[in-house]
Amino acid sequence: MALGLFSSNPNSGDPYAPPSPNDDDSILAHYRPLIQQFSLSSLLGYCSAVSAKKIGKTLAFIGGLAFCSLQALAHKGFISVDWKKIEDSVKDAVDVDQDGEFTEKDVQKYFERVKLFLTENLPDASGFGVGFMLGLKS
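Scope of this entry: the structure provided in the associated data block. Here the structure is a predicted model, which is why all the values come from computation and not from measurement.

1. Some details on unusual backbone geometry
No. 1: Phi is positive for Q98, close to 55°, though the residue is something other than glycine.
No. 2: Residue placement: Q98 occurs in the loop between α3 (83-94) and α4 (104-119).
No. 3: Phi angles above zero are rare outside glycine, and N121 is one such case at about 65°.
No. 4: One can find N121 in the loop between α4 and α5 (125-137).

2. Some points on the packing of aromatic side chains
No. 1: Within this structure, the stated rule accounts for two aromatic pairs.
No. 2: Ring geometry for F67 and W83: centres 5.3 Å apart, planes at 55°, overall tilted. One end of the pair, F67, is in helix α2 (residues 27-75); the other, W83, is in helix α3, and 16 residues separate them in sequence.
No. 3: Residue class for W83 comes out partly exposed when judged on its relative accessible area of 34%.
No. 4: Between F128 and F132 the ring centres are 5.9 Å apart and the planes differ by 25°, which places this aromatic pair in the stacked class. Of this pair, F128 and F132 both sit in helix α5, four residues apart, which is roughly one turn of the helix. No difference in accessibility class separates F128 from F132, as the two residues are buried.
No. 5: Taking the ring centre of Y110 as reference, the NZ or CZ of R113 above it sits at 5.6 Å.

3. Considering the pattern of salt bridges
No. 1: Considering all chains together, one arrives at three salt bridges under this definition.
No. 2: The salt bridge partner of E87 is K84, with a shortest N-O separation of 3.8 Å. One end of the pair, E87, and the other, K84, are both in helix α3, three residues apart, so they sit about a helical turn from each other.
No. 3: By relative accessible area, K84 is classed as partly exposed at 49%.
No. 4: Residue K84 is joined to D88 by a salt bridge in which the shortest nitrogen-to-oxygen separation is 3.7 Å. Of the two residues, K84 and D88 are both situated in helix α3; the distance of four residues between them amounts to about one turn of the helix.
No. 5: Through salt bridges that share partners, K84, E87 and D88 make up one connected network.

4. Structural notes on a nonpolar patch on the surface
No. 1: A cluster of nonpolar side chains, contributed by F67, L70, L73, F78, I79, W83, I86 and V90, occupies part of the molecular surface with about 700 Å² of accessible area.
No. 2: Mapped by element, the contributors of at least two residues to the nonpolar patch are α2 and α3.
No. 3: Structurally, the position occupied by I86 is in helix α3.

5. Here we look at α4
No. 1: Between its terminal C-alpha atoms α4 stretches 22 Å, which fits the 22 Å expected from 16 residues at 1.5 Å a residue.
No. 2: N121 sits one or two residues past α4 and shows a positive phi near 65°.

Definitions and limits used
- Residues numbered from 1 in each chain as written.
- Predicted model: local features only at pLDDT ≥ 70, side-chain atom pairs only at ≥ 80, totals over all residues.
- Heavy atoms only, no water.
- Helix = DSSP H or I, 4+ residues; strand = E, 2+ residues; numbered from the N terminus.
- Phe/Tyr/Trp six-rings, centres within 6.5 Å; stacked < 30°, edge-to-face > 60°.
- Buried < 20%, exposed > 50% of the residue type's maximum accessible area, 1.4 Å probe, protein only.
- Lys NZ or Arg CZ within 6 Å of the ring centre and 35° of its normal.
- Salt bridge = Lys/Arg side-chain N within 4 Å of Asp/Glu carboxyl O.
- Patch = residues over 30% accessible without salt bridge, like charges linked within 9 Å, V, L, I, M, F, W, Y side chains within 5 Å.
- Areas by Shrake-Rupley, 256 points an atom, 1.4 Å probe, with all protein chains shown as cover.
- Expected span 1.5 Å × (residues − 1).

From the geometry alone we can't say anything about function, so treat these as descriptive.
Given below as structure tokens:
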């Protein structure tokens, strides 16, 4: 009966088993280069995001430590800090569009610069972006 054909394992060596799909004809074989690029680019994006998060946390720690140290020295009277002058200097340094304020447009421009830097010469930048977003969420 036909029941024997459907219950056979194709890997059992049963001569009546249905033929296993040929790798050359399978969907995976057809899309293997795309999957490999996507996987490599995604992995690189994920690792870059995890590294960026670690570096960002380290820089935030160092900045906070520097601020606390300066405030402690100013409180004890060892130094005098002109925070308005520091704020103006930082604002001038990070204001890309030179409109006098650090706005969302400046953040977008920085993001574009970083994205272009990280995806330069990558075969699949979209896979990198997906991996990078997954890495940021982890």
